[in-house]
Each structure stands twice: as structure tokens, then as C-alpha cells.
Amino acid sequence: MPASAPEAVPLESARGRADAILVVDDEESFRATVVRQLSNAGYRTIEATDGSEAIKQFAEHQDEIIAVLLDLVMPNTSGGETLAMLRYYDPALPIVVTSGYSERDALSLRQTERGVGFLGKPFTATELTTELRRVISERRPKHRHSTPPKPLF
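Analysis parameters
- Every chain's residues receive numbers from 1 upward, in the order its sequence appears when written.
- Restriction of local features to residues with pLDDT of at least 70 applies here, the model being predicted, together with a cutoff of 80 or more for giving and counting side-chain atom pairs; totals for whole chains, interfaces and linings are based on all residues.
- Note that water and hydrogens are dropped before the side-chain values are worked out from all heavy atoms of the structure.
- Between any two strands, pairing holds if DSSP finds at least two bridges.
- The secondary structure listing takes helices from DSSP runs of H or I that are at least 4 residues long and strands from runs of E that are at least 2 residues long, numbered from the N terminus.
- Only C-alpha atoms enter the line fits that serve as axes; for helices the fit covers just the stretch in contact. Angles between N-to-C directions range over 0 to 180 degrees.
- By definition, residues are in contact when any of their heavy atoms lie within 4.5 Å.
- To sort residues, take the accessible area from a 1.4 Å probe on protein chains only and compare it with the maximum for the residue type: under 20% means buried, over 50% means exposed, and anything in between is partly exposed.
- Arc, as used here, means the arc of the directions from the helix axis to the C-beta atoms.
- Residues adjacent in sequence count toward polar contacts only when both atoms are side-chain atoms; beyond that, a polar contact is any pair of N or O atoms within 3.5 Å, and within protein one must be able to donate a hydrogen and the other to accept it.
- Throughout, nonpolar core names a set of buried Ala, Val, Leu, Ile, Met, Phe, Trp, Tyr and Cys residues whose side chains join them through atoms within 4.5 Å.
- Handedness of a crossover: with both strands directed away from the viewer, a clockwise path from the first strand across the helix to the second marks it as right-handed.
- Roughly parallel means an angle under 35 degrees; roughly antiparallel, over 145; roughly perpendicular, 65 to 115; everything else is oblique.
- Two helices cross in a left-handed way if the nearer one is turned anticlockwise from the farther one by less than a right angle. They cross in a right-handed way if the turn is clockwise.
- Gly is put with the polar residues, along with every residue not named as nonpolar or charged; the nonpolar set is Ala, Val, Leu, Ile, Met, Phe, Trp, Tyr, Cys and Pro, and the charged set is Asp, Glu, Lys and Arg.

(A) Broad picture of the sheet that holds strand β4 (residues 95–99). Spatially, β2-β1-β3-β4-β5 is the arrangement adopted by the five strands of the open sheet, whose pairing is parallel. With partners counted over all chains shown, the strands left at the sheet margins are β2 (44–48) and β5 (116–120), one partner each. Between one strand and the next, the sheet's axes are offset by a mean angle of 20°, whatever the strand orientation. Examined bridge by bridge, strand β1 (residues 20–24) and β2 share five bridges and lie parallel to one another. By the bridge assignment for β2, I21 is matched with T45. Across the sheet, helix α3 (residues 79–89) is in contact with β3 (65–71), β4 and β5; its angle to β3 comes to roughly 165°.

(B) Examining helix α2 (residues 51–61) more closely. The set of residues buried in α2 consists of G51, A54, I55, Q57, F58 and H61. All buried residues of α2 project into a common sector of 165° when viewed along the axis, lining one side. Among the exposed residues of α2, those pointing more than 90 degrees away from its buried face are K56 and E60. Where α2 starts, the residue carrying a side-chain oxygen 3.2 Å from the main-chain nitrogen of S52 turns out to be D50.

(C) Looking closely at the nonpolar core. Counting 22 residues, the largest nonpolar core has L22, V24, V68 and I95 as the members making the most contacts within it. Contributions of two or more residues to this core are made by β1, β2, α2, β3, α3, β4 and β5. Sorting elements by how many residues they give to this core places α3 first, with four residues. If we skip the residues at most four places from it in the chain, V68 touches L22, V24, L86, L93, P94, I95 and V96. Ranked by size, the runner-up nonpolar core spans 18 residues in total, among them V34, V35, V96 and V135.

(D) Expanded view of the pairing of β1. For β1, a buried count of five out of five residues is recorded, marking the element as mostly surrounded by other parts of the structure. A two-sided burial pattern is seen for β1, the buried positions comprising A20, L22 and V24 on one face and I21 and V23 on the other. Crossover β1 to β2 through helix α1 (residues 28–40) is right-handed.

(E) Representation of the pairing of β5 within the structure. Most of β5 is tucked away, with four of its five residues classed as buried. As judged from the five bridges shared by β4 and β5, these two strands associate in the parallel manner. For V96, the partnering residue across the bridge sits in β5 and is G117.

(F) Region of the structure containing the packing of α1 against helix α5 (residues 125–137). In the contact formed by α1 and α5, the axes pass within 10 Å of each other and the chain directions differ by 70°. Taken together, the axes of α1 and α5 lie roughly perpendicular to each other. Note that α1 runs across α5; the crossing there is right-handed. Taken together, the residues of α5 that come into contact with α1 (itself represented by V34, Q37 and L38) are A125, L128, T129 and L132. In the contact of α1 with α5, the residues fall into five nonpolar, two polar and no charged.

Spelled out as C-alpha cells, the structure:
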């Protein structure tokens, strides 16, 4: 993956610092590359190694997280299950699903929903920031649940 810094302009929070992208991927080297790409583009990141950790990180940092980069295939809690739980907490949360599989395989997650994107692995830093900006721009007004859904836990 090229690490060239694209022309990204991260959104600023009310606290005057860049809001965070939650990066969820079980492959450490891939996650490190993506974090570096986002950092070079001016984004702050929060990392998670699987779906369970992603939900914990989101619950802890939900006021800071403006989007999620979510691997489709992970051990324990899958990308699909994680997406459903994140959508419960924040139905308008911008999410970019990543996978080594084709986009056709990820369509069940995307459906026709606004604010969900897809990037096939590998992708460039420019593709990453372009897709993140696209899903962030489609964000609907916030409506978040503060407690987890009963059947999921």
C-alpha cells in the first residue's frame, strides 16, 4: 500500500482537535499501515483488534469518533455483527467496510444504506481518505442509544 499523503481535510471537533476514526482490523500490520495513512492525512485514530473491542472503544469514545473503518472478516465478533451493534448505538455513523473479498460479497452489509462504504484490500491512502470523506459527508443527524441492545449481550 502506498503511504503517500492525500489531500484530506479532517473535520475539527468542538474541542478544536481532529475527531477520531475507529480502525477495526485483526491484522496488526495492516492496521498499523492504515493508522499511519490516516495520521499522515491529519486524522486521529482509535484502534481495535476485533468487533468486541470495537464496541468497547466506541462506547468509551463515541463523542470523538466520526467514522469507522471496519474489516469484514475477523475472529470472534464478525464485521457484520459489529456493524449491526455500531448501527444500534448510532444509526447514522459513517462506516467503511474493508475486505480482501469482492464488494459483491460485502453488499449484504451495505444494502442501500447511506453512510456505508466499501474498500477492497489492498487500497491506497487516497482511496481510503476519499471514501471516508464520502461516507462522512452522507452522515444524517445524530440519534444515538447510550445503552447496548439486550439481545446482543
